[in-house]
Amino acid sequence: MESINETIVETQVVEALRSCFDPEIPVNIYEMGLIYGLKVAPEGVVTIQMTLTSPNCPAAQSLPVEVESKVRAVPGVSDVSIDIVWEPPWEPSKMSEAARLQLGMM
């Protein structure tokens with residue numbers, strides 16, 4: 001199997017994640033701190049560990065599907081594995097400074 005440049009693919013995957021939004025919050029999921037882990041293997045398999053703002057999040061069914069679709073479209077990605085986790089629970093402190101500023105939480 002052909003090897004890829006994992007750093008370039010990871011940068012493009014992060015950009016893809018920045019195009020995914022929680023429908024209730026006008027901030028992308030990456031800046032929201034919903035992505036807990038991201039790994040790109042040399043053969044192009046991307047593993048994402050993510051959470052949602054709550055187990056009852058209305059986007060619980062649609063958001064992981066959107067993430068997988070957008071990440072799968074990144075050149076060099078051969079497969080995507082998404083693991084939804086609840087520990088540690090998401091909280092606003094996980095948001096980036098940009099996200100907190102955008103939501104007026106500074």
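See above for the structure.
All values reported here derive from a predicted model rather than from experimental measurement.

**Overview of the packing of helix α1 (residues 6-17) against helix α3 (residues 62-72)**
Interhelical geometry of α1 versus α3 gives an angle of 140° and a closest axis separation of 9 Å. As summarised for this structure, α1 and α3 are arranged oblique, according to the angle between their axes. As for the relative orientation of α1 and α3, their crossing is right-handed in sense. Of α3, the residues touching α1 (which contributes V13, A16 and L17) are V67, K70 and V71.

**Quick look at the sheet that holds strand β2 (residues 45-50)**
Judged by pairing direction, the sheet is mixed, and its 3 strands sit side by side in the order β1-β2-β3 without closing on themselves. Across the chains shown, the open sheet's two edge strands, defined by having one partner strand only, are β1 (35-40) and β3 (79-84). Here the average twist between neighbouring strands, direction ignored, is 10°. Pairing geometry for β2 and β3, over 6 bridges, is parallel. Considered in β3, the bridge of Q49 is made with D83. Where α1 meets the sheet, its contacts fall on β1 and β2, and the angle it forms with β1 comes to roughly 145°.

**Observations concerning the pattern of salt bridges**
Opposite charge on two side chains allows them to pair when their charged atoms are near. The tally for this structure, following the rule as stated, stands at 5 salt bridges. When the shortest N-O distance is used, the salt bridge between E15 and R18 registers 3.1 Å. By relative accessible area, E15 is classed as partly exposed at 46%. Residue classification places R18 among the partly exposed positions, given a relative accessible area of 30%. Put simply, R18 and E31 hold a salt bridge, and the shortest N to O gap is 3.1 Å. Of this pair, R18 sits in the loop between α1 and α2 (29-32) while E31 sits in helix α2; the two residues are 13 residues apart in sequence, bridging distant segments of the chain. According to the relative accessible area criterion, E31 is buried, its value standing at 16%.

Rules used in this analysis
Residues numbered from 1 in each chain as written. Predicted model: local features only at pLDDT ≥ 70, side-chain atom pairs only at ≥ 80, totals over all residues. Heavy atoms only, no water. Axes fitted to C-alpha atoms, helices over the stretch in contact; angles between N-to-C directions. Helix = DSSP H or I, 4+ residues; strand = E, 2+ residues; numbered from the N terminus. Parallel < 35°, antiparallel > 145°, perpendicular 65-115°, else oblique. Left-handed = near helix turned anticlockwise from the far one by under 90°. Contact = heavy atoms within 4.5 Å. Pairing = 2+ DSSP bridges. Salt bridge = Lys/Arg side-chain N within 4 Å of Asp/Glu carboxyl O. Buried < 20%, exposed > 50% of the residue type's maximum accessible area, 1.4 Å probe, protein only.

The values reported here are purely geometric and, on their own, carry no functional implication.
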